[in-house]
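# Coordinate inspection notes
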Amino acid sequence: ATKNGISLIYLFDTSGSFHKEALPNSVVLAEKLFYEISSEKEGIAVYPQIHQVGSIDEQSVKIGFNCNITIDQKNIFDKDKSNPDLSNCLDEIEKSKRSQYTDLEGALLTASQSMETGNLYGKGLLLFSDLHEDVPNPKSFNYDLSGVSVFVVYEMSKQQINQPGL
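Notes on the structure follow. (Residues numbered from 1 in each chain as written. Predicted model: local features only at pLDDT ≥ 70, side-chain atom pairs only at ≥ 80, totals over all residues. Heavy atoms only, no water.)

### Observations regarding helix 4 (residues 104-114)
Heads up, the condition is: Here the term buried applies to any residue with accessible area under 20% of the maximum for its type, exposed to any over 50%, and partly exposed to those in between, with areas from a 1.4 Å probe on protein chains only. Segments assigned H or I by DSSP are reported as helices when at least four residues long, segments assigned E as strands when at least two residues long, and all are numbered from the N terminus. Polar contact is the term for a pair of N or O atoms within 3.5 Å; when the atoms are in protein, one must be able to donate a hydrogen and the other to accept it, and sequence-neighboring residues count only if both atoms are side-chain atoms.
For helix 4, the complete set of buried residues consists of Leu104, Gly106, Ala107, Leu108, Leu109, Ala111 and Ser112. The backbone nitrogen of glycine 106 lies 3.0 Å from a side-chain oxygen of the residue at the head of helix 4, namely aspartate 103.

Here it is in structure tokens:
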């Protein structure tokens with residue numbers, strides 16, 4: 001089968017350990033990355049591009065904040081010269097309420113299920129988190145991120161600094 005297109009998922013930790021300090025900076029960085037990837041002149045010239053945004057909270061990825069856009073290759077005869085925009089999705093993340101817990105395992109399961117399409121040229125997961133799994137009843141899921149490039153933008157929480165064993 002012919003492979004075409006890329007799919008990228010931007011996941012943001014909205015727990016207390018990450019929400020106040022690191023989340024605003026993460027949103028700014030995600031917007032920069034989005035524009036670099038989707039830029040018609042200097043970005044990745046593979047289309048369509050699917051960009052999805054979600055928040056990681058106590059229930060894994062909150063579906064209500066799952067927002068996505070698809071960028072198709074521009075037609076030279078197209079009158080619409082506007083650039084793609086992910087800012088509405090990122091605004092929802094930035095305005096989100098602080099979650100009580102962080103279900104990273106569930107978030108990775110949801111991301112892997114979202115990228116099960118086999119005919120993509122590339123798949124990427126951009127994870128903005130302190131990687132502090134914090135749920136009352138931890139579960140282990142079987143998820144498959146084979147063929148997915150995972151990039152973690154990491155910032156240590158104060159709790160991790162005080163307790164290096166975490």
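### Some remarks on the pairing of strand 1 (residues 6-13)
The following threshold applies: By this definition, two strands are paired if DSSP reports at least two bridges between them.
Counting buried residues in strand 1 gives eight out of eight residues, a clear majority hidden from the surface. Of the two faces of strand 1, the one lined by Ile6, Leu8, Tyr10 and Phe12 and the one lined by Ser7, Ile9, Leu11 and Asp13 are each fully buried. The pairing of strand 1 with strand 2 (residues 49-57) spans eight bridges and is classified as parallel. Its bridge partner being in strand 2, isoleucine 6 is matched across the sheet by glutamine 49. Sheet analysis places strand 1 next to strand 5 (residues 122-129), joined by seven bridges and oriented parallel.

### Some words on the state of the cysteines
Using the following cut-off: Defined by distance alone, a disulfide is two cysteine sulfur atoms within 2.5 Å.
Evaluation of the coordinates by the stated rule reveals one disulfide. Disulfide partner of cysteine 67: cysteine 89, at an S-S distance of 1.9 Å. Taking the torsion about the S-S bond as the criterion, the cysteine 67 to cysteine 89 disulfide, at about -55 degrees, is left-handed. Here cysteine 67 is found in strand 4 (residues 67-71), whereas its partner cysteine 89 is found in helix 3 (residues 87-94), with 22 residues between them in sequence.

### Some remarks on the nonpolar core
Stated formally: For the purposes of this section, nonpolar cores are sets of buried Ala, Val, Leu, Ile, Met, Phe, Trp, Tyr and Cys residues that join through side-chain atoms within 4.5 Å. Contacts: residue pairs with any heavy atoms within 4.5 Å of one another.
One finds Tyr10, Phe12, Val53, Leu86, Leu90 and Phe128 to be the most contacted residues of the largest nonpolar core, which totals 22 residues. Ranked by residue count, the leading element in this core is helix 2 (residues 22-38), at six residues. Contact partners of leucine 86, with chain neighbours within four places excluded, come to Tyr10, Phe34, Tyr35, His51, Val53 and Ile69. Residues Ile9, Leu11, Ile56 and Leu108 belong to the second largest nonpolar core, which totals 12 residues.

### Here's the deal with the environment of valine 150
The residue valine 150 is located in strand 6 (residues 148-154) in this model. Since its relative accessible area comes to 39%, valine 150 is described here as partly exposed. Each C-alpha atom, one on valine 150 and one on leucine 8, is 9.8 Å from the other, the two residues being 142 residues apart in sequence. If sequence neighbours within four positions are ignored, valine 150 has contacts with Leu125 and Leu145.

### Concerning the packing of aromatic side chains
Definition in use: Whether two aromatic rings pair depends on their centres lying within 6.5 Å, for rings of Phe, Tyr and Trp, where Trp uses its six-membered ring; planes under 30 degrees apart make the pair stacked, over 60 edge-to-face, and the rest tilted.
Tallied over the entire structure, the rule returns two aromatic pairs. Centre to centre, the rings of phenylalanine 12 and phenylalanine 128 are 4.7 Å apart; their planes meet at 5 degrees, and the pair counts as stacked. One end of the pair, phenylalanine 12, is in strand 1; the other, phenylalanine 128, is in strand 5, and 116 residues separate them in sequence. Residue phenylalanine 12 shares its accessibility class with phenylalanine 128, and that shared class is buried.

### A look at the side chain of serine 112
Residue placement: serine 112 occurs in helix 4. Not counting chain neighbours up to four residues away, the residues in contact with serine 112 comprise Tyr143, Asp144 and Leu145.

### Details of a nonpolar patch on the surface
Here is the rule: Grouping into patches uses exposed residues only, defined as over 30% relative accessible area, and leaves out salt-bridged ones; the cut-off is 9 Å for like charges and 5 Å for nonpolar side chains (Val, Leu, Ile, Met, Phe, Trp, Tyr). Each accessible area is a Shrake-Rupley estimate made with a 1.4 Å probe; only the visible protein chains count as cover when residues are assessed. The term salt bridge refers to a pairing of a side-chain nitrogen on Lys or Arg with a carboxyl oxygen on Asp or Glu at a separation within 4 Å.
Among the surface-exposed residues, Leu131, Val150, Val152, Tyr154, Met156 and Ile161 lie close enough to one another that they form a single nonpolar patch of about 520 Å² accessible area. Considering every element that reaches the nonpolar patch, the biggest residue donor is strand 6, with three residues. Relative to the elements of secondary structure, tyrosine 154 occurs in strand 6. For tyrosine 154, a relative accessible area of 41% corresponds to the partly exposed category.

The values reported here are purely geometric and, on their own, carry no functional implication.
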